[in-house]
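Observations on the model geometry
What follows is the residue order along each chain.
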Amino acid sequence: MRLNISKWIVVLIMSCMVVNYNVFADTWERVFILASYEKDNVCGGPQESGIIKGLNKEGWFEDLNMSIEYYYMDTKRTNNTPSAMKQQAKLALEKINTFRPNVLVVIDDNAFREIGLKLVNRKDISIVFSGMNEQPEDYNNIRFFMINRKTPGGNVTGVYEKLYILRSMDVINRSISNEPGNKVISITDFSPTGNAINRQIEIELADNKSQMKWEMKRVRNWQEYVELIQRINLDKEVKFIFPIALTLETSDGRTLIAPEIFKWTVKNSLKPEMALNYYFSKLGLYGGAAVDFESMGFLAGKKAGKILNGEKAGDLPIEDAPEYAIVFNIQRAKDLGIKIPLPLLTAADYLYK
């Protein structure tokens, strides 16, 4: 008899815990994280990790006082046509409206352009973007969401992806000062992200006072990329390259994305590569002063947490990505026959093999 009573007591306690869990879950704040690319993407993954840490820093934890819903639009490899992106936007918007988040955090441009802009001025939701490559003012011309970057004034704030081009160029140039050449070539694709990055390069190079010449090249497909790398290999003026073509179609209809493109590049390019972010160096690119994507996501996550704590999105400034990381891939340097000066090695934030 005692055993049966004990069992009923356990069942009763567990039932109360479930009821309490559901009651608290219904009163938790809700955050929807919408990523432009696939799960664990080389650009989106570190930002997502940073967003969670930023929310935690402001006192918000998943399954403790906050519910999080995730959606990955996969617009690099799979849903990379305009119609496919709009279909993904429709599906994501349905999930957002069902989940009813207090804050929507969008990672990278496709998510903001296709969905974030549609939710501008919604009274029931605040929007925080991370990793925006397009100029916020250009999006503002499509749909007004900010008075200015310092005081947006509406329901949108976020973090702009400053590339730190000049800083990175200086770091990589000092690391290979004995190498011949005085020209850098950037390589972008014709995707919306490629278009935005091209403009970012132009803006950041406006203050270029270095001796290095910068040449911008664009490729429409994989074959053009391969042929360009082969030509660059023979060009003695080129000292290093900045490969940021992140999605390319092959002649047989496949879509290659960053990890595959970079894998081929480090096997076939004879020039050191400037890395857009530190994770690209982990994938094999030579390095430089790369955007710290996790730090960028962390700042966006803190903004989301501040909103959950009662601050208004419109009162939080739109800021540049706050930090860069000096990074080198030691194996890539060895393969290229480059000996990185010790002061730069000791100053590096990340060293990969």
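Residues numbered from 1 in each chain as written. Predicted model: local features only at pLDDT ≥ 70, side-chain atom pairs only at ≥ 80, totals over all residues. Heavy atoms only, no water.

Taken N-terminus to C-terminus, the directions of helix α8 (residues 222-233) and helix α9 (residues 258-268) make an angle of 25°; their axes are 11 Å apart at the nearest point. What the angle tells us is that α8 and α9 run roughly parallel. When you trace α8 past α9, the crossing you get is right-handed. For the pair formed by α8 and α9, the contact residues are W222, Y225, V226, I229 and N233 on the first element and I261, W264, T265 and N268 on the second. The residue makeup of the contact of α8 with α9, split by class, is six nonpolar, three polar and no charged. (Axes fitted to C-alpha atoms, helices over the stretch in contact; angles between N-to-C directions. Helix = DSSP H or I, 4+ residues; strand = E, 2+ residues; numbered from the N terminus. Parallel < 35°, antiparallel > 145°, perpendicular 65-115°, else oblique. Left-handed = near helix turned anticlockwise from the far one by under 90°. Contact = heavy atoms within 4.5 Å. Nonpolar A, V, L, I, M, F, W, Y, C, P; charged D, E, K, R; others polar.)

On to the packing of helix α2 (residues 44-57) against helix α11 (residues 293-308). Packing of α2 against α11 brings their axes to within 6 Å, and their N-to-C directions diverge by 40°. Classed by the angle they form, the pair α2 and α11 counts as oblique. Our pair here, α2 against α11, has a crossing hand that is right-handed. Across from P46, Q47, S49, G50, I51, K53, G54, L55 and K57 in α2, the residues of α11 making contact are F293, E294, M296, G297, F298, A300, G301, K302, A304, G305 and L308. Classifying every residue of the contact of α2 with α11 by side-chain character gives nine nonpolar, seven polar and four charged.

Further remarks concern the pairing of strand β3 (residues 103-107). Sheet faces and side chains relate simply in a regular strand, where the side chains alternate between the two faces. Of all five residues that make up β3, five are buried, and the element is covered over most of its length. Both faces of β3 are covered, namely the face carrying V103, V105 and I107 and the face carrying L104 and V106. Direction of pairing for β3 relative to strand β4 (residues 126-132): parallel, over a ladder of five bridges. Bridge pairing in β4 links V106 to F129. (Buried < 20%, exposed > 50% of the residue type's maximum accessible area, 1.4 Å probe, protein only. Pairing = 2+ DSSP bridges.)

Before going further, it helps to spend a moment on unusual backbone geometry. The phi dihedral of R100 falls on the positive side, at around 55°, and the residue is not glycine. For Y164, which is not glycine, the phi dihedral falls at a positive 55°. A residue is classified by how much of its surface remains accessible, and Y164, at 15% relative accessible area, is buried.

The sheet built from three strands is open, its strands ordered β11-β13-β14 with mixed pairing. Only two strands of the sheet have a single neighbouring strand rather than two, namely β11 (287-291) and β14 (350-352). Put simply, the sheet's adjacent strands are angled 30° from each other on average, direction ignored. In this sheet, β14 lies alongside strand β13 (residues 324-329) in parallel orientation, the contact comprising three bridges. Counted as the bridge partner of V327 is Y350 from β14. Packed onto the sheet, helix α6 (residues 165-175) meets β11 and β13 and runs at close to 160° relative to β11.

Evaluation of the coordinates by the stated rule reveals 13 aromatic pairs. Ring geometry for F112 versus F145: centroids 5.6 Å apart, planes at 70°, classification edge-to-face. Taken together, the positions of F112 in helix α4 (residues 109-114) and F145 in the loop between α5 (136-142) and β5 (156-160) put the pair 33 residues apart, joining distant regions of the chain. Both residues of the pair, F112 and F145, count as buried. (Phe/Tyr/Trp six-rings, centres within 6.5 Å; stacked < 30°, edge-to-face > 60°.)

Taken as a whole and assessed by the stated rule, the structure comprises 18 salt bridges. The partner of E137 in a salt bridge is R149, and the shortest N-O contact between them spans 2.8 Å. Remark: R149 occurs in the loop between α5 and β5 and E137 occurs in helix α5; sequence separation between them is 12 residues. A salt bridge links D252 to R254; the nearest nitrogen and oxygen atoms lie 3.2 Å apart. Residue D252 is classed as exposed on the basis of its relative accessible area of 54%. By relative accessible area, R254 is classed as partly exposed at 45%. Linked through salt bridges whose partners overlap, the residues forming this network are K183, E215, K217 and D235. (Salt bridge = Lys/Arg side-chain N within 4 Å of Asp/Glu carboxyl O.)

To continue, consider the pairing of β5. The element β5 is largely enclosed, with a buried count of five among its five residues. Two elements, β4 and β5, share five bridges in a ladder whose sense is parallel. Looking at the pairing, I127 lines up with V156 of β5. Between the parallel pair β4 and β5, the chain is carried across by α5, and the sense of this crossover is right-handed. In this structure, β5 lies alongside strand β12 (residues 319-320), joined through two bridges in parallel fashion. Looking across to β12, one finds that Y160 is bridged to D320. (Right-handed = clockwise from strand over helix to strand, strands pointing away.)

To continue, consider the nonpolar core. By size, the foremost hydrophobic cluster in this structure holds 73 residues, and its most contacted members are I187, I201, W214, Y225 and F280. By residue number, the principal contributor to this core is α11, which donates seven residues. Not counting residues within four places of it along the chain, the set of residues in contact with W214 comprises I165, M169, V184, S186, I201, L205, F242 and M274. Residues Y71, A89, L117 and M132 belong to the second largest nonpolar core, which totals 25 residues. (Core = buried A, V, L, I, M, F, W, Y, C linked by side-chain atoms within 4.5 Å.)

This part is about the sheet that holds strand β7 (residues 213-218). Reading across from one edge, β7-β6-β8 is the order of the three strands in this open sheet, with parallel pairing throughout. The open sheet is flanked by β7 and β8 (238-244), the only strands paired with a single partner. Sheet twist, expressed as the mean angle between neighbouring strand axes with direction ignored, is 20°. Here helix α7 (residues 192-204) sits on the sheet and contacts β6 (183-188), β7 and β8; the angle it forms with β7, its principal contact strand, is near 165°.

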